[in-house]
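Chain and residue survey
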Amino acid sequence: MRWTSAQGLLGSALLLLSGLFSAKVPHGNPFGIRTLMGHLRVLPGGPLVLGMLIGLLGLLLLTWAWWGLVRAVSGRADGARLARRTAVVWALPLLVAPPLFSGDGWSYVATGYLAGHGLSPYEVAPAVLPDALSSGVARVWLNTTSPYGPVPLVWGGLFSRLTASPWLLLFAYRLLAVAGLALLAAAIPTLARRFGVDPARATALAVASPLALVHGIGGLHNDLLVAGLVATALSVTVRDRWWWGAVIAGVAAGVKVPGGAVAVGVVLLSLVPGASLATRLRRAAEVALVSVGSLLILSVVSGLGLGWIHGLRATADAPARMAPTALVGRGVSELLRRAGSFGAALNHRLDPVALSKDLGLILLVALLGWVLLRRRVPDERAALTGAALAMLGVTLLSPALHYWYFLWCLPLLAAVPLARGPARALFALLAVLGPLAVADPALHITWLTRTAVAALVLVPLTAWLADEEWGRRAGRPLRGGRNLHRA
């Protein structure tokens, strides 16, 4: 365990160094940070390329260490505690790093500052701020209003009344990310024990993974807080106290709207097995009322109102390089463009990319409705699986998809009883999401993005099919049994 912990810590330290070479930072010179980064970035070899190479090495080391951690703690009585402690150690260097592999952290800083100084981020874009606060924001978001709920904006606004330093405000958001990780670390073992999954393994998969640490802490994405709230909502939901889960679902939507889909799981967990359709509809209405009410109260009390609803359109309209629906739309568009003048005209008229995104949302509503009202739920384990399926659908059918969006569903899947094939596919997907952080579409390296998308599909699928084939040759059963959640 000591070697595994040290190996992961070295990987995190290399990620910190990678950020000093290549991460975008705002103008100004607080604490001498820009001076240090300036010295590093004049070294030969090109700072961006060198930073990416150092980052890739760090990601590979951290992923390898995480792999060893999962195997080391699985089945141990103190395994969940060891996994949590190791995750804390690995997260330490990331707490002081610039936002890694994405500049979203600087957008959070800017919109939080707006909220704290009487300017609604739903009406005013970061471009109006002084250079020290706006220069770190990605150009695509500089003149765009915020699509996020009131929770992170209020958090940043509170701290912006104490300081105008972008680095201190960035650290404040890191504290929020740590809170999300803490919620996840508390909820996942509870869910795992409740539903017959090894809590140590589930904790290592969900909390100590490169997905959670690199994207949630290092990349500073609100999705880690969403993941923590989603898991917490399900862990506190029982049949006679379901409203707590509904309230937390509303808070999750107050961070990012897709987090509210966990209300589907709250409904399923609050029902007795075999509940009638009428009972499901009544409970769904009750949970929706509490969840939406919580979100509305947050919006009103924050003073920001419901402006985030309009901001959602900006996210939906942004170029989507990884969303499955957008990929299908682009494929159809390319075929039409090659079909001559009639195809080109039809392509212009239909706009297949926008159409496929809209169809994806329709399919998502249908999936959530089926899980909520028609899916068989003979016990609580099936209810949790339904919740995980709902969050997986939200992840894959949303108009946009980034690596960190998988935080909405993968930690939850780690606590779900899975057969060997799906369990290995989950493990493979979590493993590949670590090194792929260097392939963020924001870098605009087309071949790298395409390779990453192919890896996201092929690596888990290959792991699943290989396990099925090995199982067939070995003559072992592939379904049933709580010990199948092992990779």
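As a starting point, this report considers the structure included with it. (Residues numbered from 1 in each chain as written. Predicted model: local features only at pLDDT ≥ 70, side-chain atom pairs only at ≥ 80, totals over all residues. Heavy atoms only, no water.)

Remarks on empty space enclosed by the protein
Per the counting criterion, the structure on display carries 2 cavities of 30 Å³ or more. Volume-wise, the largest cavity comes out at about 80 Å³. Lining of the largest cavity is provided by 13 residues; of these, Leu268, Leu271, Val272, Pro273 and Val377 occupy positions nearest its centre. Here the lining of the largest cavity is built from residues that sort into 8 nonpolar, 1 polar and 4 charged. In this structure, the second largest cavity spans a volume of roughly 40 Å³. Sorting elements by how many residues they give to the lining of the second largest cavity places helix 9 (residues 166-194) first, with 3 residues. Residue classes in the lining of the second largest cavity are distributed as 6 nonpolar, 2 polar and no charged. (1 Å grid on protein atoms, 1.4 Å probe; cavity = no way out; pocket = protein on both sides within 12 Å on 5 of 7 lines; lining within 4 Å. Points joined across faces, edges and corners; volume = space filled by probe spheres on them. Nonpolar A, V, L, I, M, F, W, Y, C, P; charged D, E, K, R; others polar. Helix = DSSP H or I, 4+ residues; strand = E, 2+ residues; numbered from the N terminus.)

Some thoughts on the packing of aromatic side chains
Within this structure, the stated rule accounts for 9 aromatic pairs. Ring centres 5.1 Å apart and planes at 80 degrees place the aromatic pair tryptophan 106 and tryptophan 167 in the edge-to-face group. With tryptophan 106 in helix 5 (residues 104-116) and tryptophan 167 in helix 9, the pair connects residues that are 61 residues apart, well separated along the chain. Take tryptophan 106: its relative accessible area is 2%, and that puts it in the buried class. Of the residues examined, tryptophan 167 reaches a relative accessible area of 10% and is grouped as buried. Here the aromatic rings of tryptophan 242 and tryptophan 243 are separated by 6.1 Å at their centres, their planes lie at 75 degrees, and the arrangement is edge-to-face. On the accessibility criterion, tryptophan 242 (11% relative accessible area) is buried. Look at tryptophan 243 and you get partly exposed, because its relative accessible area is 38%. An aromatic cluster is present here, built from Trp64, Trp66, Trp67 and Phe427 joined pairwise through their rings. (Phe/Tyr/Trp six-rings, centres within 6.5 Å; stacked < 30°, edge-to-face > 60°. Buried < 20%, exposed > 50% of the residue type's maximum accessible area, 1.4 Å probe, protein only.)

A word on unusual backbone geometry
Note: most peptide bonds trans; most residues except glycine with negative phi. One non-glycine residue, phenylalanine 101, adopts positive backbone phi at about 60 degrees. Mapped onto the secondary structure, phenylalanine 101 falls in the loop between helix 4 (79-91) and helix 5. With a phi angle near 50 degrees, aspartate 351 is a residue other than glycine that sits in the positive phi range.

A look at the environment of glycine 58
Among the secondary structure elements, glycine 58 is positioned in helix 3 (residues 47-73). Exposure remark for glycine 58: the relative accessible area of 0% places this residue in the buried category. C-alpha separation for the pair glycine 58 and proline 435, spaced 377 residues apart in sequence, amounts to 8.7 Å. When sequence neighbours within four positions are dropped, the list of residues in contact with glycine 58 reads Gly11, Leu14 and Leu15. (Contact = heavy atoms within 4.5 Å.)

Focus: the nonpolar core
Counting residues in each nonpolar core, the largest one holds 135 residues, and the members touching the most others are Trp66, Tyr403, Phe406, Leu410, Leu412 and Leu456. With 13 residues, the top contributor of residues to this core is helix 9. Those residues in contact with tryptophan 66 that lie beyond four places of it in its chain are Trp90, Ala204, Leu205, Ala208, Ser209, Pro210, Phe427, Leu430 and Ala431. Counting 7 residues, the second-largest nonpolar core is a separate cluster that includes Ala115, Ala253, Leu304 and Trp308. (Core = buried A, V, L, I, M, F, W, Y, C linked by side-chain atoms within 4.5 Å.)

Describing the packing of helix 4 against helix 10 (residues 199-207)
A pair of packed helices can be characterised by two numbers: the angle between their axes and the separation between those axes. Their axes nearest at 7 Å, the elements helix 4 and helix 10 cross at an angle of 15 degrees. The orientation of helix 4 relative to helix 10 falls into the category roughly parallel. Two packed elements cross with a definite hand, and for helix 4 against helix 10 that hand is right-handed. Contacts between helix 4 and helix 10 involve Gly79, Ala80, Ala83, Arg84 and Ala87 from the former and Pro199, Ala200, Thr203, Ala204 and Val207 from the latter. In terms of residue class, the contact of helix 4 with helix 10 is made up of 7 nonpolar, 2 polar and 1 charged. (Axes fitted to C-alpha atoms, helices over the stretch in contact; angles between N-to-C directions. Parallel < 35°, antiparallel > 145°, perpendicular 65-115°, else oblique. Left-handed = near helix turned anticlockwise from the far one by under 90°.)

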